[in-house]
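Descriptive structure summary
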Amino acid sequence: MTQHSAPSRRTVAKGALLGAAALLGPAAASASAAADGPAVLRLPAPTGPHPVGLRTFVLADTSRDDPWEPAAGVREVKLGVLYPARSARAVRGFPRAPQLTPDEAQLFALLAPSVHPGLPKAGVDWGAVLTHGHVDAPPLPGRRPVLLYSPGGGDSRTLGTTLAEDLASHGHVVVLVDHPGDASQVELPSGMRVTVLRGDPDPETFRTMIDTRVADLRFVLGRLGDLPLAPVMDLGRIGVHGHSAGGTAAVHALAGDDRITAGVNLEGHLDLDPDLVAGLDRPLLMFRTDGFEFAARLERSWAGLPARRVLLNDAGHWVFSDYAHLVPQLQAAGLVTAGARTALVGPGDTAATTALVRRGVRAFFDRRLRVPAPPARSRRAPQ
């Protein structure tokens, strides 16, 4: 296990940046130059009573090779762990973490228009986006339910920050899992990893994605007890949630691992292993939007599942990620068209939609992961 707060192997990361620029072509490379007065974007504050702490870790699974980069020898995953911090006073002096490190932000500026068409090629200071997680802040004492998160295909774990911070501020420990190879970029001690995906994956690639993600989640679950934050984690109360491909992976992990009690699927297809999913006997909450391009396939794959469903109106597929807040700001700055906004997050009030998702996910996990009330003490009969 490697814990780190600062980028390492910067020379390797710079090489990844140059490689990405070459991959996307001269136009993308030149367009990545920052214009005068780049837009600075903000994420909404969490709504809970606790400030949020953040620590990052890298874990190496020596039992398997990386399917996307076999030469790496082992599979590495990166975690961002968000947790309720001790108090507002206790987090003073612990800086808020940026959503992306400087090298990640520079690379993301090159990759974003390719991973999500419609995002701007220039004019945004992606490295200036701050989270509300205070790096290495002292945790609130006590053991808390643990929630694993798997992001959408092509996204890094940090694009699930808004929901995760809200859950942490209400008393959960949230483990954001990066899946190198199909995340846009992941900064590891061995260097920067860049996505191998372009566009929608073919069936074989999608199978590899989901199998790898499920293996990542199971591996992380087995290593949580080794982390320095283990004393504040209740490993008897574990949930899993994910967006898109991450939702698919979350449900597969829930169906196949008895350590996980409940799950939330944020618009992920469930037709990869229908027999496995059909046998699911644990609580599941599923969200979908009315603007999802592949809604018919989604509905077919969800048919017959004993799960609660929530439909979000005037919303698009990426409204479950931090794009719900970033894209409207980009549109207001003239950097994203109305059509691109609708395609990404929908035409509706994304703040209201996010609030609904936050409340729904939190209430579901609070109900399903609560600690049973202690037995009432019997009163001694008077002597």
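Everything below is about the structure printed above this text.
Now for a description of the structure that goes with this document. What you are looking at is a predicted structure, and each value in this text was computed from that prediction instead of being measured.

Rules of the game
Residues numbered from 1 in each chain as written. Predicted model: local features only at pLDDT ≥ 70, side-chain atom pairs only at ≥ 80, totals over all residues. Heavy atoms only, no water. Helix = DSSP H or I, 4+ residues; strand = E, 2+ residues; numbered from the N terminus. Buried < 20%, exposed > 50% of the residue type's maximum accessible area, 1.4 Å probe, protein only. Contact = heavy atoms within 4.5 Å. Areas by Shrake-Rupley, 256 points an atom, 1.4 Å probe, with all protein chains shown as cover. Expected span 1.5 Å × (residues − 1). Axes fitted to C-alpha atoms, helices over the stretch in contact; angles between N-to-C directions. Parallel < 35°, antiparallel > 145°, perpendicular 65-115°, else oblique. Left-handed = near helix turned anticlockwise from the far one by under 90°. Polar contact = N/O pair within 3.5 Å; in protein donor to acceptor, adjacent residues only side chain to side chain. Salt bridge = Lys/Arg side-chain N within 4 Å of Asp/Glu carboxyl O. Pairing = 2+ DSSP bridges. Right-handed = clockwise from strand over helix to strand, strands pointing away. Phe/Tyr/Trp six-rings, centres within 6.5 Å; stacked < 30°, edge-to-face > 60°. Lys NZ or Arg CZ within 6 Å of the ring centre and 35° of its normal.

Take the overall build of the chain next. Counting its secondary structure elements, the chain contains 11 helices and 13 strands. When each of the 383 residues of the chain is scored for burial, the buried share is 56%. The long-range fraction of contacts in the chain, counting pairs at least 24 apart against all pairs at least 6 apart in sequence, stands at 77%. Counting every atom, the chain has about 15900 Å² of accessible surface; 54% of that belongs to carbon and sulfur.

Attention shifts here to helix α6 (residues 245-256). Count 3.6 residues to each turn of an α-helix, and residues three or four apart come out pointing the same way. Between its terminal C-alpha atoms α6 stretches 17 Å, which fits the 16 Å expected from 12 residues at 1.5 Å a residue. Across the 12 residues that make up α6, a large majority, 11, are buried. Those residues of α6 lying buried are Ala245, Gly246, Gly247, Thr248, Ala249, Ala250, Val251, His252, Ala253, Leu254 and Ala255. Looking at the buried positions of α6, the neighbouring elements they touch are β6 (144-150), α5 (203-223), β10 (233-243), β11 (262-266), α7 (274-278) and β12 (284-289).

Moving on, we come to the packing of α5 against α6. Orientation of α5 relative to α6, taken along the N-to-C sense of each, is 55°, at an axis distance of 9 Å. Taken as axis vectors, α5 and α6 run oblique relative to one another. Judged by the sense of rotation from one axis to the other, the crossing of α5 with α6 is right-handed. From α5, Phe206, Met209, Ile210, Arg213, Val214, Leu217 and Arg218 reach across to α6, where they touch Ala245, Gly246, Thr248, Ala249, Ala250, His252, Ala253 and Gly256.

Here we take up the side chain of Ser156. Looking at the secondary structure, you find Ser156 in the loop between β6 and α4 (161-169). Ser156 sits in the buried class, given a relative accessible area of 3%.

What follows is about helix α11 (residues 350-368). Its 19 residues give α11 an end-to-end C-alpha distance of 27 Å, which sits within 8% of 27 Å, the value for a rise of 1.5 Å per residue. Every buried residue belonging to α11 is among Thr350, Thr353, Thr354, Val357, Arg358, Gly360, Val361, Arg362, Phe364 and Phe365, and all of these are buried. A side-chain oxygen of the first residue of α11 lies 3.1 Å from the backbone nitrogen of Ala351; this N-cap is Asp349.

A word on the pattern of salt bridges. By the definition in use, this model includes 23 salt bridges. Linking Arg157 and Asp178 is a salt bridge whose minimum nitrogen-to-oxygen distance equals 2.6 Å. Taken together, the positions of Arg157 in the loop between β6 and α4 and Asp178 in strand β7 (residues 173-178) put the pair 21 residues apart, joining distant regions of the chain. Classification of Asp178 by relative accessible area gives buried; the value is 0%. With its nearest N and O atoms 3.3 Å apart, the salt bridge here joins Arg282 to Asp258. Of this pair, Arg282 sits in the loop between α7 and β12 while Asp258 sits in the loop between α6 and β11; the two residues are 24 residues apart in sequence, bridging distant segments of the chain. A relative accessible area of 17% means that Arg282 is categorised as buried. Taken together, the salt bridges that share partners define one network made up of Asp61, Arg64, Asp66, Glu69, Arg75, Arg193 and Asp216.

Counted residue by residue, β10 has 8 buried out of 11 residues, so it is predominantly covered. Where β6 lies against β10, 7 bridges are found, and the strand directions are parallel. What sits directly across from Ser150, in β10, is Gly242. Since β10 and β11 lie parallel, the crossover through α6 that links them has a hand, and here it is right-handed.

Under the definition given, this model contains 4 aromatic pairs. Here the aromatic rings of Phe108 and Trp126 are separated by 4.8 Å at their centres, their planes lie at 85°, and the arrangement is edge-to-face. With Phe108 in helix α3 (residues 102-115) and Trp126 in the loop between α3 and β5 (130-135), this residue pair connects regions lying 18 residues apart in the sequence. You'll find Phe108 and Trp126 in the same group, each marked buried. The interplanar angle of 65° and the centroid separation of 5.4 Å between the aromatic rings of Phe364 and Phe365 together place this pair among those described as edge-to-face. Accessibility assignment for this pair places Phe364 and Phe365 in one class, buried. It is Arg297 that lies over the ring of Phe206; its NZ or CZ is 6.0 Å from the centre.

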